[in-house]
Amino acid sequence: MSDNTENQRKKAIVFAGGGSKGAYQAGAWKALEELGEHFDIATGTSIGSINAAMYVQHDFEAAWQLWNTITVEEIMTNGINMDKSVEAIFQQRDQLIPFIKDFINRKGADVTPFHKKLDEYFDAGKFFLSDIDYALVTVRYPSFAPRTVYKKEMQRLGEDAWKWLAASGACYPVFPPMNVEGEDYVDGGYFDNIPVAPAFKLGAEEALVIDLKPDKNHAGYLHHPRIKYIKPSRDLGTFLNFDKDALQFSLKLGYNDTMKAYGKYMGRLYTFMPSETSPAQVDWLADCFMDLLTEAEANFDFSTSVKAKERVNNLEGCTTLLASSLGVNRPTEPELFFEALESLLRQLAFDPDTVYDFSSFLYRLKTEVDGMYPMLEYETETAFEVVRSFIRNYRKSKNSEHKKLDDDRVMLIYTSLIRALQKAENL
């Protein structure tokens, strides 16, 4: 099939549910706008149904403003940010007791502010006149029978069609059920948190999924060749944390992860901005790293790492460790190189929130490792100690606690990586 035919395919964007983590999708949307990516269909569940509706309205600026300014008070009366730490929740003690009392009395949070916000941002004129089709998922209460609601049938409610968004986002039991057209509904995530099927039912021929969990959670579509899957490279926290710093983190991560998915940035947990020379640099370093690692692993004595009467082939090798960390069965050499590089950067306490210029970053790292005596001149055990000392001193200079490194395979990876950097020229 030609590129032109592929470009003419009807495309859908699918927004997963996840509460406050939906800020990640706004960050992804920003990247998609810059990349010139456009979609004919938008579907969503829970917060995803809201982001999808704003996508249908072509309201990126409004969505961006919403996610940059929204507070928990605009979601729930006497609302509290539900961080993972109990301490963080109890620091909101002035709001906690009123919230609990109101929650008990109402059998759920008072989400009147949330409904007002939906009414404010839902524009029936834009939504129903838009050339982008739409569907959301909710479930009936108390039967929990699923229901997919399409744009066409939402027209019956006119200006009040936002109530279907509230139904899809009624994260019961925190939120009470939402009554629409005489029936009670709760969060669509109880049935399908990533509504891919409705997108294909509407005629999509390919889809982009924007998930809100680091682990892909729609097994039915993981290996579909016409689905592109973007998911957070780092944990986004809880689904009811509207703290400004948490939202800014999600916005930035969504943008960076999407740029990586489309090849504009490099890295997985870290983010690198490539230059014209970056592909050649990566290829050379990956090739050199794998040569050195393969040789070092073959010559290393693993007998002390294997229990008596056990076979050494039961011990996972260095590349298996890297592949497991990546979550890829047969990674490419550049993928293995990047995973080794990012593992070392975590040990060296590099900031994962910074966007690094790749060439400048490589030059900086090479300058650091060139300060050590050439690794190729050392026996393996001596090289291990030199690398451990380098990592320990580097973390100490950043006032970061040192982590013990006692896995020989990890040390073989780090030593081979540093040897490859030392061998590199013109970085």
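Since the model is a prediction, treat every value here as computed from it, not as a measurement.

Here's the deal with helix H7 (residues 112–121)
Stage number 1. Taken as a whole, H7 has its buried residues at Pro113, Phe114, Lys117, Leu118 and Tyr121. For H7, the buried positions fall inside an angular range of 140 degrees around the axis, keeping them on one side.
Stage number 2. Elements that come into contact with the buried residues of H7 comprise helix H3 (47–56), helix H4 (60–69) and helix H10 (162–168).

Observations regarding the packing of aromatic side chains
Stage number 1. Evaluated as defined, the whole model comprises 29 aromatic pairs.
Stage number 2. Among the aromatic residues, those joined into a cluster by ring pairs are Phe272, Phe289, Phe337, Phe338, Phe350, Tyr356, Phe358, Phe361, Phe390 and Tyr394.
Stage number 3. Looking at Lys151, its charged tip hangs above the ring of Phe127, at a distance of 5.7 Å from the centre.
Stage number 4. Stacked on the ring of Tyr262, the Lys or Arg Lys228 has its end atom at 4.7 Å from the ring centre.

Some details on the packing of H3 against H4
Stage number 1. Across the interface, H3 lies against H4 with an axial gap of 9 Å and an inter-helix angle of 145 degrees. Two secondary-structure elements touch here, H3 through Ile47, Asn51 and Met54 and H4 through Ala62, Ala63, Leu66 and Trp67.
Stage number 2. Within the contact of H3 with H4, the residues separate by chemical class into 6 nonpolar, 1 polar and no charged.

A closer look at the pairing of strand S2 (residues 41–45)
Stage number 1. Within S2, 5 of the 5 residues are buried, which leaves the element mostly enclosed by the surrounding structure.
Stage number 2. Of the two faces of S2, the one carrying Ile41, Thr43 and Thr45 and the one carrying Ala42 and Gly44 are both buried.
Stage number 3. Summarising the sheet, strand S1 (residues 11–15) and S2 pair through 4 bridges and their orientation is parallel. Considered in S2, the bridge of Ala12 is made with Ile41.
Stage number 4. What joins S1 to S2 is helix H2 (residues 23–35), and the crossover it makes is right-handed.
Stage number 5. As judged from the 5 bridges shared by S2 and strand S3 (residues 133–140), these two strands associate in the parallel manner. Bridge pairing links Gly44 to Leu136 in S3.

Some points on the nonpolar core
Stage number 1. Within the largest apolar cluster, 62 residues are counted, with the highest numbers of intra-cluster contacts made by Ile13, Trp67, Tyr134, Met154, Leu165 and Phe175.
Stage number 2. Setting aside its immediate chain neighbours within four residues, Ile13 contacts Leu32, Phe39, Ile41, Ala42, Thr43, Tyr55, Leu208 and Ile210.
Stage number 3. Met266, Leu293, Phe302 and Leu417 belong to the second largest nonpolar core, which has 50 residues in total.

Quick notes on the side chain of Gln347
Stage number 1. With respect to the helices, strands and loops of the structure, Gln347 is situated in helix H15 (residues 333–347).
Stage number 2. For Gln347, the contacting residues outside a window of four places in its chain are Ile391, Arg395, Lys403, Leu405 and Tyr414.

Quick word on the packing of H4 against helix H12 (residues 244–261)
Stage number 1. Their axes nearest at 8 Å, the elements H4 and H12 cross at an angle of 140 degrees. When the interaxial angle is binned, H4 and H12 end up oblique. Note on element contacts: H12 touches H4 through Leu247, Gln248 and Leu251, opposite Trp64, Trp67 and Asn68.
Stage number 2. Of the residues that constitute the contact of H4 with H12, the class distribution is 4 nonpolar, 2 polar and no charged.

Calculation criteria
Residues numbered from 1 in each chain as written. Predicted model: local features only at pLDDT ≥ 70, side-chain atom pairs only at ≥ 80, totals over all residues. Heavy atoms only, no water. Buried < 20%, exposed > 50% of the residue type's maximum accessible area, 1.4 Å probe, protein only. Helix = DSSP H or I, 4+ residues; strand = E, 2+ residues; numbered from the N terminus. Arc of directions from axis to C-beta. Contact = heavy atoms within 4.5 Å. Phe/Tyr/Trp six-rings, centres within 6.5 Å; stacked < 30°, edge-to-face > 60°. Lys NZ or Arg CZ within 6 Å of the ring centre and 35° of its normal. Axes fitted to C-alpha atoms, helices over the stretch in contact; angles between N-to-C directions. Nonpolar A, V, L, I, M, F, W, Y, C, P; charged D, E, K, R; others polar. Pairing = 2+ DSSP bridges. Right-handed = clockwise from strand over helix to strand, strands pointing away. Core = buried A, V, L, I, M, F, W, Y, C linked by side-chain atoms within 4.5 Å. Parallel < 35°, antiparallel > 145°, perpendicular 65-115°, else oblique.

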